[in-house]
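A structural walkthrough
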Amino acid sequence: MNFVRVALDVPLSTLFDYFLPENFTAVVGQRVLVPFGRQQMVGVVLECLSETDVPAERIKAVQQVLDDVPPLPADLLKLLRFCSDYYQHPLGMTVLAALPARVRSGEPVTLKRALTYELSEAGRALDLAQLPKRKVVQHRILAALQAGPLGAQQVRALSPSAMATLKALLETGWARECAPTSSPEHAKAAGELTQVAFENAHTLTDEQQQAVDPVTRSAGYASFLLYGITGSGKTEVYVHLMHHFLQRSGQVLLLVPEINLTPQLEHYFQSRFPQTELVSLHSGLSEGERTQNWLRAQSGQARIVLGTRLSVFTPLPELGLIIVDEEHDASFKQQDGLRYSARDVAIFRANQRSVPIVLGSATPSLESWHNAHSGRYTLLPLRQRANQQARLPEVRCLNTTTVPLHEGMTPALLAALGERLQRKEQSLVFINRRGHAPVLMCTACGWLSGCPHCAGKLVLHLRDRRLRCHHCGHQQRVPHACPSCGNTDLQPVGIGTQRIEAALQAHFPEARILRVDRDSTRNKGSWAAMRKKIQDDAVDILVGTQMLAKGHDFPNLTLVGVLNPDSALYSSDFRASEKLFAQLSQVAGRAGRADKPGEVLVQTAFPEHPLFRALIAHDYEAWARTLLAEREQAGFPPFVFQALLRAEGKNEGEVYAFMQQAHAAATAVQGEVEVYGVVPAAMPKRANHYLVQLLVQAATRKALQQFLRAWKPQLDALPAQKLRWSLDVDPLDF
Ligand code: ADP
Ligand code: ZN
Ligand code: ZN
């Protein structure tokens, strides 16, 4: 008799045994279709057994063994077991969550052959000289196709918008799909058309070379922290490292933050390696694309995998190098389900696969910085700009307590914006709050527009005259009079992006102003269109939230104004000031990237605060030292290890009762951990649910893990019908 032990996507920490009928064969890692309750489910075989404890009359049979996808490799299953254990998440859910939805669904999938494109007869009959010159990308693709058929990767290397243009050419009927031909001459011809191939790489600066060498010399696992100031040429270091490991026929996994993965980035790396198959993996892909890219990585055909956090679980048979860019970025941490940190999982994976890993950042997380100084990671510093001419932006603080503000802006900032308009340079006004104003207030009785379902306030959105809750989505019309006293003089308090946009438009009627926030970029493709507008210089002043802070190169941008950063200085979240420094350094990095020097003006009521001192001096290292000393003194991470239990429910009493029992269970566990009290979350009520939390912490990861292993089964056993709870290991948000 043969049995299999199967991982299923159900919220139970057990695996499930099934009987394998005579005519079936299955191996570990293979997907199977099994009955579960009244449903059929896709599961993954984790063990093959010759006997089971399940009584013969209760055991059910595997219905189908799915062999359209090769079995998941043993190393990936081991990684998922580790994650399930470390993050205290059911193994079945962990394993299934790592698969693309289509592979999880049991629909048949096949690895399509790589598509190749050629000119149709109509396309060949075209005279390129007769076509409009301004369609640069179309021109470039047609010219390349005249030399011979191209694969998707070669098309992608031609321009960030090449795939979209190609689609149009296919629709027009000028190009068509064809059987793959792999003539090296064609590949070479296509490669020559791309802008920057590896051969045209910069000669590395001494610092860059010193960063590359230890990584290429490392045999087996080693972790490196590439700390490089903005403009120091981290990307060039990545490219050289990738080149090295690709040549030794390794696959390279490059993890980037969610918002950075744009067609530009994909195009950039593809153009540096035009002969190498590159796939991207992120949530913006269609299920079909994601599945194909995943299969190409699994088959070893794709040599470079460029992806966001979920791609850390991609099967990579020949993995040779992992790079995590902007390793401090919070988007590497998953905030629901399996609450993993892709950066930390990447470290584990590199170790498991005996390959080097490079974490890169201009403002490393304190965890990584601490690891680099305690010897766990090797520090690779880039302290100079790669391009000697490029200067760091000049940062200044504008004291908001000593001057009158105009709609939240100082006269000095308005003057600086006016200057840029005259010089036809771009400016960015950065404010981390969307909407018109964070709250509406009654001038007579002090009534504030609170959300009826949350502990938060309703944000005023003037454009459509609505009050909106950014936590639960509740919205209502702006009242004509105070609901509490009837007074009709209601005033917006505080500032948001829409208010700044309106104020600037009134102040500079001629300026072309573009607001970039979650409201203005809600529609698919609008953010890409906006980016193009900015790059084409069709914008004078940008008003935006953190969406604008990251990884985008706007060469004509010379001024950044920062409004209202102060709340982070006194936040209850101990990481707030670490995040603020990283964010401001990143926004500052947007200013003056090209030959024009940049200027950053930070409006604050606390110009003497050490954070701003460090920002002005461009001294991350001093700031990190200050913060680490504070954290050590206060007993915060990275000097301790934490886990946070969260619960929420409609009935406040039930939520607290559950948490008190959880607390009692925690204190009863013998272990070297500190168990804190049950407290309301920072946002104590959301969408009529009460949010409550409980923190535990330990001096070592090991002690915390031991404690969690004992505590979690007790939590699972607590009655919790009407509430939801979750355990967050190494939480980032409180
Ligand atoms: P970072 O990612 O560290 O902010 P980039 O990789 O964007 O920096 O590099 C900044 C600029 O310096 C880019 O324009 C890049 O082309 C240039 N650069 C990088 N390395 C070199 C080098 N070795 N010599 C000359 N220019 C370089
Ligand atoms: Zn009132
Ligand atoms: Zn609400």
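Use the structure listed above.
Description of the structure in this document. (Residues numbered from 1 in each chain as written. Chains lettered and ligands numbered in written order. Predicted model: local features only at pLDDT ≥ 70, side-chain atom pairs only at ≥ 80, totals over all residues. Heavy atoms only, no water.)

Our focus in this paragraph is the overall build of the protein chain. Helix and strand counts for the protein chain come out as 22 helices and 30 strands. On C-alpha atoms alone, the protein chain measures out to a radius of gyration of 28 Å, which is about the 27 Å that the 2.2 N^0.38 rule sets for 734 residues. The dimensions of the protein chain, computed from C-alpha atoms along their principal axes, are 85 × 75 × 55 Å. In the protein chain, the share of contacts with a sequence separation of at least 24, taken over all contacts with a separation of at least 6, comes to 74%. For the protein chain, the centre of its 77 positive side-chain charges and the centre of its 70 negative side-chain charges are spaced 4 Å apart. (Helix = DSSP H or I, 4+ residues; strand = E, 2+ residues; numbered from the N terminus. Rg over C-alpha atoms; globule rule 2.2 N^0.38 Å. Contact = heavy atoms within 4.5 Å. Lys, Arg positive; Asp, Glu negative; His and termini not counted. Charge placed at Lys NZ, Arg CZ, Asp CG, Glu CD.)

Attention now moves to the coordination of the zinc ion (ligand 2). Each donor-metal-donor angle in an ideal tetrahedron of four donors is 109.5 degrees, and each such angle in an ideal octahedron of six donors is either 90 or 180 degrees. Protein coordination at the zinc ion (ligand 2) comes from Cys442 (SG), Cys445 (SG), Cys482 (SG) and Cys485 (SG), with a distance range of 2.3 to 2.4 Å. Considering all four donor atoms around the zinc ion (ligand 2), angles at the metal cover 106 to 112 degrees and the coordination shape is tetrahedral. If you list the donors of the zinc ion (ligand 2) from N- to C-terminus, the spacing comes out as C-x2-C-x36-C-x2-C. Here Cys482 lies in the loop between β21 (475-477) and β22 (490-493) and Cys445 lies in the loop between β18 (439-442) and β19 (459-461), a separation of 37 residues in the sequence. A relative accessible area of 39% places Cys445 in the partly exposed class. (Donors = N, O, S within 2.8 Å, 3.2 Å for Na, K, Ca; no water. Tetrahedral: all angles 85-135°; square planar, octahedral: opposite > 155°, others 65-115°. Buried < 20%, exposed > 50% of the residue type's maximum accessible area, 1.4 Å probe, protein only.)

Moving on to the site of ligand 1. For ligand 1, the set of nearby residues contains 15 residues, the closest of which are Thr203, Gln208, Gly231, Lys234 and Thr235. At 3.1 Å, a backbone N or O of Gly233 approaches an oxygen atom of ligand 1. Here ligand 1 has 560 Å² of accessible area as a free molecule, and 71% of this is covered by the chains. For the shell around ligand 1, a count of residues per class yields three nonpolar, nine polar and three charged. (Near = heavy atom within 4 Å. Polar contact = N/O pair within 3.5 Å; in protein donor to acceptor, adjacent residues only side chain to side chain. Areas by Shrake-Rupley, 256 points an atom, 1.4 Å probe, with all protein chains shown as cover. Nonpolar A, V, L, I, M, F, W, Y, C, P; charged D, E, K, R; others polar.)

Spatially, the six strands line up as an open sheet ordered β16-β26-β25-β17-β24-β23, and their pairing is parallel. Edge strands, defined here as strands with exactly one partner in the open sheet, are β16 (394-399) and β23 (513-516). On average, adjacent strands in this sheet sit at an angle of 20 degrees to one another, irrespective of strand direction. One ladder, built from four bridges, connects strand β25 (residues 557-562) with strand β26 (residues 599-604); its direction is parallel. By the bridge assignment, Leu559 is partnered in β26 with Glu599. (Pairing = 2+ DSSP bridges. Axes fitted to C-alpha atoms, helices over the stretch in contact; angles between N-to-C directions.)

On inspection of all chains with the given rule, the structure shows two cavities of 30 Å³ or more. If you trace the largest cavity, you find it lined by Thr363, Pro364, Leu366, Glu578, Phe581, Ala582, Tyr620, Trp623, Ala624 and Leu627. Looking at the lining of the largest cavity, the elements with two or more residues in it are α18 (576-588) and α20 (620-634). Looking at the lining of the largest cavity element by element, the count peaks at four residues for α20. Partitioned by chemical class, the residues of the lining of the largest cavity number eight nonpolar, one polar and one charged. (1 Å grid on protein atoms, 1.4 Å probe; cavity = no way out; pocket = protein on both sides within 12 Å on 5 of 7 lines; lining within 4 Å. Points joined across faces, edges and corners; volume = space filled by probe spheres on them.)

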